[in-house]
Amino acid sequence: GQANNNASKSSFHLAVCATIVEEFPHEELWKRWMTSTTIDIPNINNTNDNAEEATNTISCSSELYIHAKHAKQILNNNNSNSSSSYLKSKLLPFSHTPNWNDVRVIRAMLSLLQQALQDDKTTHV
């Protein structure tokens, strides 16, 4: 049995979808922000004085999905900062090659959404 009946555990997995042309700015910042963590949130409905039992533990994780207008250039380029292995690992393997204010921007966004929702862990997009 579970000794701690007033504490609950849940998970939150955020799919972050981004469209880029070719450059992925602030990559190191994104890597740090996307790091998994666990947070404890006080259970305001619990009147018990035991703080350990009065919390909800939430496992937080995320995944980044990127659609690039020039995906082939990024995937084939091994010498540029815009072609890091991290960026390549998050990139959709195709592009709708959208122009500014083009319906293909919507297609790119829908492709990102479709990819994100294929992950059973995804709870939020």
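Fair warning: this is a prediction, and the values are worked out from it, not measured in the lab.

Asks: Go over the overall build of the protein chain with me, naming the residues and quoting the values.
Replies: Along the protein chain, the regular secondary structure elements total four helices and three strands. Ordered by position in the sequence, the α and β elements of the protein chain form the string β-α-β-β-α-α-α. A burial count over the protein chain gives 30% of its 125 residues as buried. Put simply, of all contacts in the protein chain between residues at least 6 apart along the chain, 64% involve residues at least 24 apart. By element, 50% of the accessible surface of the protein chain is carried by carbon and sulfur atoms, the whole surface being about 8,600 Å².

Asks: Lay out the pattern of salt bridges with the relevant residues and their values.
Replies: Counted according to the given criterion, the structure contains four salt bridges. Between Lys31 and Glu28 there is a salt bridge, with the nearest N and O atoms lying 3.2 Å from each other. Here Lys31 pairs with Glu28, and both are found in helix α1 (residues 27–33), just three residues apart, close to one helical turn. Shared partners join several salt bridges into a network, and the residues in it are Glu27, Glu28 and Lys31.

Asks: Give me a nonpolar patch on the surface: which residues, what numbers.
Replies: Among the surface-exposed residues, Val103, Ile106, Met109, Leu110, Leu113, Leu117 and Val125 lie close enough to one another that they form a single nonpolar patch of about 640 Å² accessible area. When you line up the elements, Leu113 lands in helix α4 (residues 103–117). By relative accessible area, which is 33% here, Leu113 ends up partly exposed.

Asks: Outline the environment of Leu92, supporting the account with residue identities and numerical values.
Replies: Relative to the elements of secondary structure, Leu92 occurs in the loop between α3 (85–90) and α4. By relative accessible area, which is 2% here, Leu92 ends up buried. The spacing of Leu92 and Ala68 is 24 residues in sequence and 7.6 Å in space, taken between C-alpha atoms. With near-sequence residues (within four places) excluded, Leu92 lies in contact with Ile66, His67, Ala71, Ser111, Leu112 and Gln115.

Asks: Tell me about the environment of Arg104, and please be specific about residues and values.
Replies: Assignment of secondary structure puts Arg104 in helix α4. On the basis of relative accessibility, which here comes to 26%, the residue Arg104 falls in the partly exposed class. Measuring from C-alpha to C-alpha, the distance between Arg104 and Lys69 comes to 9.9 Å, with 35 residues separating the pair along the chain. Not counting the four nearest positions on each side in its chain, Arg104 is found in contact with His96, Thr97, Pro98 and Asn99. Among the polar contacts made by the side chain of Arg104, one reaches the side chain of Asp102 at a distance of 2.5 Å.

Criteria and thresholds
- Residues numbered from 1 in each chain as written.
- Predicted model: local features only at pLDDT ≥ 70, side-chain atom pairs only at ≥ 80, totals over all residues.
- Heavy atoms only, no water.
- Helix = DSSP H or I, 4+ residues; strand = E, 2+ residues; numbered from the N terminus.
- Buried < 20%, exposed > 50% of the residue type's maximum accessible area, 1.4 Å probe, protein only.
- Contact = heavy atoms within 4.5 Å.
- Areas by Shrake-Rupley, 256 points an atom, 1.4 Å probe, with all protein chains shown as cover.
- Salt bridge = Lys/Arg side-chain N within 4 Å of Asp/Glu carboxyl O.
- Patch = residues over 30% accessible without salt bridge, like charges linked within 9 Å, V, L, I, M, F, W, Y side chains within 5 Å.
- Polar contact = N/O pair within 3.5 Å; in protein donor to acceptor, adjacent residues only side chain to side chain.

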